[in-house]
Amino acid sequence: TNTTESPYGGFSPGKETPFTILGDGQWHTYQIRPYWHKEGKIILLRLDFAKPDPADAGKKTFAVDTIRIVEPTEAASPQTQAAWDFTKGAAGWTGGEATATGLQFVTGDDPQAALLSAPLRVPLGDRTWVSLRMTVDKGSTGTVRWVTSEFSGLQAQDFSIRPDGRPHTYNIDVSPSQRWAGDLLLLGLTPSSAASAKATIHSIGISEEPLGPPEVTVTYAGLENAINRVGGQCPFAIHLTNQGGETARDVTIADLKLPAGAKAEESPDWRKLPELEAFDFVTARFYLSADRPVDGDVEVKLAGTGVPSEPIKAKIEITPGLGLPKADYVPEPRPVESDYEIGALYFPGWDNMAKWDPIRRVGPERKPVLGWYDEGNPECVDWQIKWAVEHGMKFFLVDWYWSAGGRHLEHWVQAFQKARYRGYLKWAMMWANHNAPNTHSEADQRAVTQFWLDNYFNTPEYYRIDDMPVVMIWSVGNMDNDMAGKGGAKRLLDISQEMAKAAGYKGIYFIAMKWPEAGTDPAIIKPLAEAGFSMTSIYHYMDHGGKAEDPRHFPFKLCAESTYPWLKAWYDADILPMLPNLATGWDSRPWHGDRSTVIYGRTVDLFRDLCRDAKRFADETGIKRMTLAPLNEWGEGSYAEPNKEFGFGMYDAVRDTFCKQPAGGWPPNVAPQDVGLGPYDFPEPVGRFAWDFANGTQGWGAMMGIGSVGAQDGALVFETNSPDPAIVCSLNNLKAAKYPYTIIRMKIDAVTADNGMGQLFWTTPTAGTAEPASMKWKLIGDGQYHNYVVHLAENALWRGRITTFRLDPCSHAGAKVAIEEIRMSEDGK
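This write-up is about the structure you can find in this document. (Residues numbered from 1 in each chain as written. Predicted model: local features only at pLDDT ≥ 70, side-chain atom pairs only at ≥ 80, totals over all residues. Heavy atoms only, no water.)

**What to know about empty space enclosed by the protein**
No. 1: A full pass over the atoms with the stated rule returns 2 cavities of 30 Å³ or more.
No. 2: As a volume, the largest cavity reaches approximately 80 Å³.
No. 3: Taken together, Asp173, Ser175, Pro176, Trp762, Thr763, Thr764, Ala767, Gly768, Ala770, Ala773, Leu797 and Arg799 make up the full set of residues lining the largest cavity.
No. 4: Tallied by class, the residues present in the lining of the largest cavity amount to 6 nonpolar, 4 polar and 2 charged.
No. 5: Of the volumes computed, that of the second largest cavity is approximately 40 Å³.
No. 6: Along the walls of the second largest cavity sit Trp431, Asn433, Asn435, His440, Asn478, Met479 and Asp482, which together make up its complete lining.
No. 7: Broken down by element, the lining of the second largest cavity gets its largest block of residues, 3 residues, from helix α5 (residues 476–482).
No. 8: Grouping the amino acids of the lining of the second largest cavity by side-chain chemistry returns 2 nonpolar, 4 polar and 1 charged. (1 Å grid on protein atoms, 1.4 Å probe; cavity = no way out; pocket = protein on both sides within 12 Å on 5 of 7 lines; lining within 4 Å. Points joined across faces, edges and corners; volume = space filled by probe spheres on them. Nonpolar A, V, L, I, M, F, W, Y, C, P; charged D, E, K, R; others polar. Helix = DSSP H or I, 4+ residues; strand = E, 2+ residues; numbered from the N terminus.)

See below:
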């Protein structure tokens, strides 16, 4: 640090350099490059030692012989080139071996090890793509690293790799990073996250646009819907993207082979695909049908420049119909008996197609049996209730959002309260108190508790333990922080307990989320008991038991195998009752892209093994209440609700393990189409470039900080309830180059002096929501309509295909907003 002014004695997050040590008891010299050039001067250093496992605390020692600060030995004159062809030599790069085909690199035990360029001085400007040609045989992600003149420290961004031992083009969009700016001083590459991976880097370039020939990638091939019956029409989809720089113009379906019994209903020109520009996303779709059950492989051969050389294979299953009559409504649930109290954590995040669209594009195999459905539809909720209770589930803990009186994502609870079968299932809040710092107070605690008393606790469906209404809380730390320190959570819980008892309740049964989630140290749990919590739980179990080679990419098998010993260790802490977690996986690529942790290889059989271990634990300890956690985090990749990937398999595993089979057999797994109901899907995004809201919300919906969004008198109307409100819309085939402007006709009743700005964010196939990819404008808060002309093309990141708009109408709660029109414009008029 160059200052003593910080909460940590001068030090602050982001000003540190991690390095890997060897714990072998031998002396080693570690060369650390802090890249601290922007500090100007260094007045304090701090060395943090590796943290031992809890079992080794107090047993491991470190010894330091010398610490030296030395001048770099690199050449004084930096390179100014922005492209390197390694088939012609190393070009000053170090860390690899130069060969005729490129720089060869083998990953070792140090995840920070990288190929490094010579010192550089390359102005970045609009050059926001790192384009490389590489062959790698192992792993899931690589990492590009860099140092710029504007920021201290070594920056990094991950990207997905194709570890098939063949050369591929990788175009890495680094524009989401606000630290890619100024002059590039150093460039580095870790080709793979896996140990002992072998890579050859053929070339690297820094450019304004993606480089290289077409690289057509199939991201999904298979039946689109979860349930496909004999006699029905079964859409088959192939999702393709072009990860190269040049346009793929000649892609066709050259050959199609079907398993016996299936036939394709071919439409005109179905074999010819549209052109794919760089990072375009297209779907080739045809329809299959069968007059008898089918279980086999579809094989598709593509032709054209840059397409995969091997045929695409996809397993399909078309099953017999159930022979049920058409129903007027969801059939009555048939609950099954169980000696165990099984529940599920539920995330109500699926109220418009903009939320579903990343799942549709990145994880289409996750498509629910209900389709891309509207959670605010009570009929959809009744299907969820039916399936849950027919598989032994008795309660949902539903993510619930309150911040200073503002609530959002309430649509599922509101639909549940209107559902015909709500009496079959209990529910309680999992208060996701993600509110901004210093936005909760004792007065807020009284207000939120009164809301619970007035609206939820007094309903027969609200879940109780020991005759007390249950409230699970996400972050105890946030409560402490808002109350200015440790012990704040207890003060807040005491307020709620007093109010509940005054209203005639025994009290509130508070459950705390435990962090770190997989931690079992009594020191983690004891403060929760002292704060007044009745039980502790977690949201996800995504631990590998210390056995993962790559902690960001490991098999679900490790989760399943480590669940029982983890539960035992948690139980042995013996401080608070526990609510165990039946892990439902993790793979957040639809939301987080290449930054994601991926737990791969989840299967029904492995989940069944996990359930059996949890039952064994329950029978040994008497703890027979547990949760699937979570049930439907489709974007994070934690899900068990019936879906395309697993069908009803995850639910069946729960029922088979914990429930008593009726004499007449289990209730059949009925899908909506089996009784002539549905589909419930939102329409997929269409090529709309203007929204007038004359016939509904036209794809726009609340993202956060807004209770609900509706269309009224030709306008989109809503009220903000947090300082960070946003609405969102998915787009289709919006080309940035064609539309330099957007015009927003909007009125707002008032703005604050500090926060009178609107802001429009956009995403692309390679870059999620980030501050650099946005534009702001000054608001007029007089309650009258005004046209705001936003010159998007002034931002260099307005480029390529735009996939999503996020509109932040203001930066304060309590604003009444109406939007009469949003339209793209070529000339700003």
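**Describing the side chain of Gln384**
No. 1: Counting through the fold element by element, Gln384 comes out in helix α2 (residues 378–389).
No. 2: A polar side-chain atom of Gln384 sits 2.9 Å from a polar atom in the side chain of Trp412. (Polar contact = N/O pair within 3.5 Å; in protein donor to acceptor, adjacent residues only side chain to side chain.)

**Points about the pairing of strand β7 (residues 141–148)**
No. 1: Here β7 lies mainly inside the structure; 8 of its 8 residues are buried.
No. 2: Going residue by residue along β7, you find Thr141, Thr143, Arg145 and Val147 tucked away on one face and Gly142, Val144, Trp146 and Thr148 tucked away on the opposite face as well.
No. 3: Sheet analysis places β7 next to strand β8 (residues 151–160), joined by 7 bridges and oriented antiparallel. Across the sheet, Trp146 pairs through a bridge with Gln155, a residue of β8.
No. 4: Two successive antiparallel strands, β7 and β8, enclose a turn made up of 2 residues.
No. 5: As judged from the 6 bridges shared by β7 and strand β10 (residues 183–190), these two strands associate in the antiparallel manner. Across the sheet, Trp146 pairs through a bridge with Leu187, a residue of β10. (Buried < 20%, exposed > 50% of the residue type's maximum accessible area, 1.4 Å probe, protein only. Pairing = 2+ DSSP bridges.)

**Let's talk about unusual backbone geometry**
No. 1: The omega angle of the peptide bond from Trp515 to Pro516 is -5°, so this bond is cis rather than trans.
No. 2: For Pro516, the position within the fold is in the loop between β26 (509–513) and α7 (522–531).
No. 3: Geometrically, the link from Ala629 to Pro630 is a cis peptide bond, its omega value of -15° lying close to zero.
No. 4: The phi angle at Phe279 is positive, at roughly 65°, despite the residue not being glycine.
No. 5: Here Phe279 lies in the loop between β15 (262–265) and β16 (281–290).
No. 6: In the Ramachandran plot, Asp574 falls in the positive-phi region, its phi being about 55° despite a non-glycine side chain.
No. 7: Mapped onto the secondary structure, Asp574 falls in the loop between α8 (556–573) and β29 (578–579).
No. 8: Assessed through its relative accessible area of 67%, Asp574 is described here as exposed.

**Considering the pattern of salt bridges**
Working definition: two side chains of opposite charge can pair if their charged atoms are close together.
No. 1: For the structure on display, the rule yields 43 salt bridges.
No. 2: Across the salt bridge formed by Lys315 and Asp295, the nearest N and O atoms sit 2.4 Å from each other. Here the residue Lys315 occupies a position in strand β18 (residues 312–318), and Asp295 occupies one in strand β17 (residues 294–303), the gap between them amounting to 20 residues.
No. 3: Since its relative accessible area comes to 56%, Lys315 is described here as exposed.
No. 4: Asp681 is paired through a salt bridge with Lys367; the nearest N and O atoms lie 3.4 Å apart. A residue pair is termed long-range when its members are at least 10 positions apart, and Asp681 in the loop between β36 (659–660) and β37 (690–691) and Lys367 in the loop between α1 (353–362) and α2 qualify at 314 residues. (Salt bridge = Lys/Arg side-chain N within 4 Å of Asp/Glu carboxyl O.)

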